[in-house]
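Each chain is listed here by its residues.
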Amino acid sequence: MAEIRKTQGLSMLSADRQLERAALQQAHYMAASGKMNHATGFGKGFTARVKGNGIRGAAAENIAEGRMDAARAIDMWMNSPPHRRNMLDARFNRFGLAWASRPDRPEWRYWTMILAS
């Protein structure tokens, strides 16, 4: 992702602990529910979750699930036009990436990446 952003004349994304905590929160929710979804069972959509985590400004979220590591998740997102658009959005300069799994399926990961300005 770093090289592609660079070739597009975009700044590098910096890892951000606040965004990582928010991403981990969503990854844990998805793992607990066994469903890949941008909303939670508590009726909170992405916008409400971001605001609830104190994240201000423009933000986007990519989610994935499966037997994969971070490199594979990022590669999948880069090959999906809507997810790629999020990752190459010039407004974003920081990100948080996290995954969680279920005790009964530890090899199956639920990934969340949150990007923000």
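Above this text sits the structure in question.
Criteria and cut-off values
- Residues numbered from 1 in each chain as written.
- Predicted model: local features only at pLDDT ≥ 70, side-chain atom pairs only at ≥ 80, totals over all residues.
- Heavy atoms only, no water.
- Helix = DSSP H or I, 4+ residues; strand = E, 2+ residues; numbered from the N terminus.
- Contact = heavy atoms within 4.5 Å.
- Areas by Shrake-Rupley, 256 points an atom, 1.4 Å probe, with all protein chains shown as cover.
- Lys, Arg positive; Asp, Glu negative; His and termini not counted.
- Charge placed at Lys NZ, Arg CZ, Asp CG, Glu CD.
- Salt bridge = Lys/Arg side-chain N within 4 Å of Asp/Glu carboxyl O.
- Buried < 20%, exposed > 50% of the residue type's maximum accessible area, 1.4 Å probe, protein only.

Enquirer: Mind laying out the overall build of the protein, listing which residues take part and the relevant values?
Expert: When helices and strands are tallied, the protein shows five helices and four strands. When the helices and strands of the protein are read in sequence order from the N terminus, they spell out α-β-α-α-β-α-α-β-β. Contacts spanning at least 24 positions in sequence make up 67% of the contacts within the protein whose residues lie at least 6 apart. Within the structure as shown, the protein displays about 6,400 Å² of accessible surface, and the carbon and sulfur contribution to it stands at 52%. Counting 18 positive and 10 negative side-chain charges, the protein places the averaged centre of each group 6 Å from the other.

Enquirer: So what's going on with the pattern of salt bridges? Which residues, and what values?
Expert: Here the structure, examined in full by the defined rule, presents seven salt bridges. Its salt-bridge partner being Arg 94, residue Asp 16 comes within 3.0 Å of it at the nearest N-O pair. Here the residue Asp 16 occupies a position in the loop between β1 (14-15) and α2 (17-33), and Arg 94 occupies one in strand β3 (residues 94-102), the gap between them amounting to 78 residues. Relative accessible area serves as the criterion here: at 15%, Arg 94 is assigned to the buried category. Of the charged contacts in the structure, one is a salt bridge between Asp 89 and Arg 91, with a shortest N-O distance of 2.7 Å. Taking the relative accessible area as the measure of exposure, Arg 91 reaches 51% and is therefore exposed. Taken together, the salt bridges that share partners define one network made up of Arg 67, Arg 105 and Glu 107.

Enquirer: Let's hear about the environment of Lys 6: which residues, and what values?
Expert: Locating Lys 6 in the fold gives a position in helix α1 (residues 2-7). A relative accessible area of 58% means that Lys 6 is categorised as exposed. On a C-alpha basis, the gap between Lys 6 and Leu 88 in space is 9.8 Å, while along the polypeptide they are 82 residues apart.

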